Amino acid sequence: MTTLPNPGSGRVLRRDELHDSLSDPLLDTMNFLNEVTSRYPRAISFAPGRPFDGFFDLDQVFDSIRAYLDHLAAQGRSPAAIKDAMFQYGPAAGRIREIIADWLRRDEGIDVPAESVVVTVGCQEAMVLALRALIRGPEDALLVSSPCYVGITGAARLLDIATTAVPEREDGFHPEDLVAALRAERARGRRPRACYVIPDHTNPSGLSMSLAARHELLRLAEEHDFLVLEDSPYRLVSPGRQLPTLKSLDTARRVVHLGSFSKTLFPGARVGFAVADQEVADGAGGTGLLADELSKIKSMVTVNTSPLSQAAVAGMLLAAGGTAAELNAETSAYYGEAMRHTLKRLDERLPAPRRTELGVRWNQPAGGFFLALTVPFRADNAALARCARNFGVIWTPMSYFYPEGGGEHGIRLSISYLTQEEIDEGVTRLARFVEAEAAAS
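How each quantity is defined
- Residues numbered from 1 in each chain as written.
- Predicted model: local features only at pLDDT ≥ 70, side-chain atom pairs only at ≥ 80, totals over all residues.
- Heavy atoms only, no water.
- Phe/Tyr/Trp six-rings, centres within 6.5 Å; stacked < 30°, edge-to-face > 60°.
- Helix = DSSP H or I, 4+ residues; strand = E, 2+ residues; numbered from the N terminus.
- Buried < 20%, exposed > 50% of the residue type's maximum accessible area, 1.4 Å probe, protein only.
- Pairing = 2+ DSSP bridges.
- Axes fitted to C-alpha atoms, helices over the stretch in contact; angles between N-to-C directions.
- Contact = heavy atoms within 4.5 Å.
- Right-handed = clockwise from strand over helix to strand, strands pointing away.
- Core = buried A, V, L, I, M, F, W, Y, C linked by side-chain atoms within 4.5 Å.
- Expected span 1.5 Å × (residues − 1).
- Arc of directions from axis to C-beta.
- Polar contact = N/O pair within 3.5 Å; in protein donor to acceptor, adjacent residues only side chain to side chain.
- Patch = residues over 30% accessible without salt bridge, like charges linked within 9 Å, V, L, I, M, F, W, Y side chains within 5 Å.
- Areas by Shrake-Rupley, 256 points an atom, 1.4 Å probe, with all protein chains shown as cover.
- Salt bridge = Lys/Arg side-chain N within 4 Å of Asp/Glu carboxyl O.
- Parallel < 35°, antiparallel > 145°, perpendicular 65-115°, else oblique.
- Left-handed = near helix turned anticlockwise from the far one by under 90°.

## Considerations on the packing of aromatic side chains
Here is step 1 of the chain: Tallied over the entire structure, the rule returns 15 aromatic pairs.
Here is step 2 of the chain: Ring plane angle 15° and centroid distance 4.6 Å describe the contact between Phe52 and Tyr334, whose orientation is recorded as stacked. Of this pair, Phe52 sits in the loop between β1 (44-45) and α2 (58-74) while Tyr334 sits in helix α13 (residues 329-349), and the two are 282 residues apart along the sequence.
Here is step 3 of the chain: With relative accessibility at 17%, the residue Phe52 sits in the buried group.
Here is step 4 of the chain: Judged by centre distance (5.2 Å) and plane angle (55°), the rings of Tyr234 and Phe369 are tilted. In this pair, Tyr234 sits in the loop between β6 (227-231) and α9 (246-249) while Phe369 sits in the loop between β11 (361-362) and β12 (370-374), placing the two residues 135 residues apart along the sequence. In terms of burial, Tyr234 and Phe369 fall into one category: buried.

Set out below in structure tokens:
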């Protein structure tokens, strides 16, 4: 927290007068990583889950906006309407819902009407909207995996929503663990309302949910009457054929699909979306869509998503024939090779006999941005600072991702932002750090 040297006679606010979430260590995790990164700018960082800069082209942004404007003109829009589409606020639910719905059908097998799509400011806003709409009070339970992406637990904390952790095993999600959590919540007198999952190459562990587990999760959602919040940002930037999304398998409208173009197109656009085709009855005989309710909330949060950003995203999709998979063929190959390269270098720097002796192990994701290591010492903020200072490499403590504690001996590595040369040097430095810490402990 920044301290003013001369606050003068102005009102000084007390931390305990502010919302309780601002004292939660969870909200300081990213600030600490940023502080370490700025303090050691020459360190190689496996921390940020950012797309690789080498795929960005400034001209593509302008070309995409022009492609979208040409698309509007081809639809017969007047010059005044096209001008309005670029300069005015527009509907809260978004201007490019039809284009996103068409893309979802082509790339993800998700066949929903455009009216069920809400265009959001990144996927983070989609999470906030879904949580605010679905979780009515302390009697409603939000279930999350443990470890879990901090974006959903952070959003829940800001909204005063308590999360219930469902342990993830070393090989990923097991439906029986969810069943145990559901029964425990019922026994406490709480209603399991929603379960948040990243089924494909999850953040932070990089693991994916099996096809059988996907079908069982959907069956459990019907049996126990809850909704699944599906977040899948890494599918189209991962190599090989991906398993079907939960939403494409969803015949009972149990899945609210949360998405983002940050990894597939570019993060600076800050364009995400929610697919919420669930019917909502108003008690007077009328029905609408959950998407309509999300739009109401959005109108009071961000008003709308930047029309300029929507135009850039829509233009990219249109230029690729409505498919992001085509745009990401080279990207997914790059990330797949980066993952294989990282795993190979880890195996070379810490061969099987040595890591068995040390008590070191890691998983081997087939895609995504992340993998997880287990080490024989506490991989906390202090260890991270030592690693950055003495060995010139940065990573993320896995403990950040455990909503009810845990992960003290885990390290998350992100491979997406680095070149192969940086991966080589970074893994070499990391192996030296692991050896030194193991010896010291």
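We are not done yet, so read on.
## Overview of the sheet that holds strand β7 (residues 255-260)
Here is step 1 of the chain: The strand order across the open sheet formed by 7 strands is β2-β8-β7-β6-β5-β3-β4, and the pairing between neighbours is mixed. Edge positions in the open sheet fall to β2 (117-121) and β4 (163-167), since each of these has one partner strand only. On average, each strand axis in the sheet is inclined to that of its neighbour by 25°, with strand direction left out of account.
Here is step 2 of the chain: Judged from the 5 bridges that link them, strand β3 (residues 140-146) and strand β5 (residues 191-197) form a sheet pairing that is parallel. Its bridge partner lying in β5, Leu143 is registered against Cys195.
Here is step 3 of the chain: Running over the sheet, helix α4 (residues 97-108) touches β2 and β8 (271-275) and is turned about 105° from β2.

## Focus on the pairing of β5
Here is step 1 of the chain: Taking burial as the measure, the 7 residues of β5 include 5 buried ones, the bulk of the element.
Here is step 2 of the chain: With 4 bridges connecting them, β5 and β6 associate as parallel partners. Looking at β6, one finds that Tyr196 is bridged to Leu229.
Here is step 3 of the chain: With helix α8 (residues 211-224) bridging β5 and the parallel β6, this β-α-β connection has right-handed handedness.

## Some points on the sheet that holds strand β15 (residues 410-414)
Here is step 1 of the chain: A sheet is described by the order of its strands in space; here 4 strands give the open sequence β11-β12-β15-β14, paired in antiparallel fashion. Edge positions in the sheet fall to β11 and β14 (396-397), since each has one partner strand and no second.

## Focus: the nonpolar core
Here is step 1 of the chain: One finds Leu346, Leu371, Leu373, Trp395, Leu413, Leu430 and Phe433 to be the most contacted residues of the largest nonpolar core, which totals 45 residues.
Here is step 2 of the chain: Top element by residues in this core is helix α16 (residues 420-440). It accounts for 7 residues.
Here is step 3 of the chain: Those residues in contact with Leu430 that sit more than four places away from it in its chain are Leu346, Leu373, Val393, Trp395 and Leu413.
Here is step 4 of the chain: One finds Ile96, Trp103, Val275 and Leu317 within the second-largest nonpolar core, a separate group that totals 33 residues.

## Observations concerning the pairing of β6
In summary, the side chains of a regular strand alternate between the two faces of the sheet.
Here is step 1 of the chain: Here β6 lies mainly inside the structure; 5 of its 5 residues are buried.
Here is step 2 of the chain: Burial of the side chains of β6 extends over both faces: Leu227, Leu229 and Asp231 are buried on one face and Val228 and Glu230 on the other.
Here is step 3 of the chain: With 4 bridges connecting them, β6 and β7 associate as parallel partners. Bridging across to β7, Val228 finds its partner in Val255.

## Section: α2
Here is step 1 of the chain: In a regular helix each residue adds 1.5 Å, so 17 residues correspond to 24 Å; α2 covers 25 Å between its end C-alpha atoms and thus fits that length.
Here is step 2 of the chain: Turning to α2, its buried residues number three or more, namely Ser64, Ile65, Tyr68, Leu69 and Leu72. Summarising the axial view, the buried residues of α2 lie within an arc of 135°, below the 170-degree limit, and thus occupy one face. Along α2, the residues that are exposed and aim more than 90 degrees away from the buried face are Asp63 and Ala74.
Here is step 3 of the chain: Considering only its buried residues, α2 is in contact with α3 (79-87), α4 and α11 (307-319).

## Quick word on helix α10 (residues 290-299)
Here is step 1 of the chain: The set of residues buried in α10 consists of Leu290, Ala291, Leu294, Ser295, Ile297 and Lys298. When α10 is viewed along its axis, its buried side chains cluster within an angular range of 160° and face the same direction.
Here is step 2 of the chain: Summarising the contacts, the buried residues of α10 are in contact with β2, α5 (122-134), β7, β8, β9 (279-281) and β10 (287-289).

## Focus on the environment of Thr428
Here is step 1 of the chain: Positionally, Thr428 belongs in helix α16.
Here is step 2 of the chain: Note on Thr428: relative accessible area 15%, which makes it buried.
Here is step 3 of the chain: Sequence separation between Thr428 and Glu223 is 205 residues, and the spatial gap between their C-alpha atoms is 49 Å.
Here is step 4 of the chain: At 2.8 Å, the side chain of Thr428 forms a polar contact with the side chain of Arg349.

## Some points on a nonpolar patch on the surface
Here is step 1 of the chain: Residues Leu13, Leu18 and Leu22 make up a contiguous nonpolar surface patch of roughly 250 Å² in combined accessible area.
Here is step 2 of the chain: Position of Leu13 relative to the elements: it lies in the segment before α1 (29-39).

## Brief notes about the packing of helix α15 (residues 381-391) against α16
Here is step 1 of the chain: In the contact formed by α15 and α16, the axes pass within 10 Å of each other and the chain directions differ by 120°. Classed by the angle they form, the pair α15 and α16 counts as oblique. In terms of crossing hand, the pair formed by α15 and α16 is right-handed. Judged by residue contacts, Ala383, Arg386, Cys387 and Phe391 of α15 engage Arg429, Arg432, Phe433, Ala436 and Glu437 from α16.

In short, shape yes, function no, at least from these values alone.
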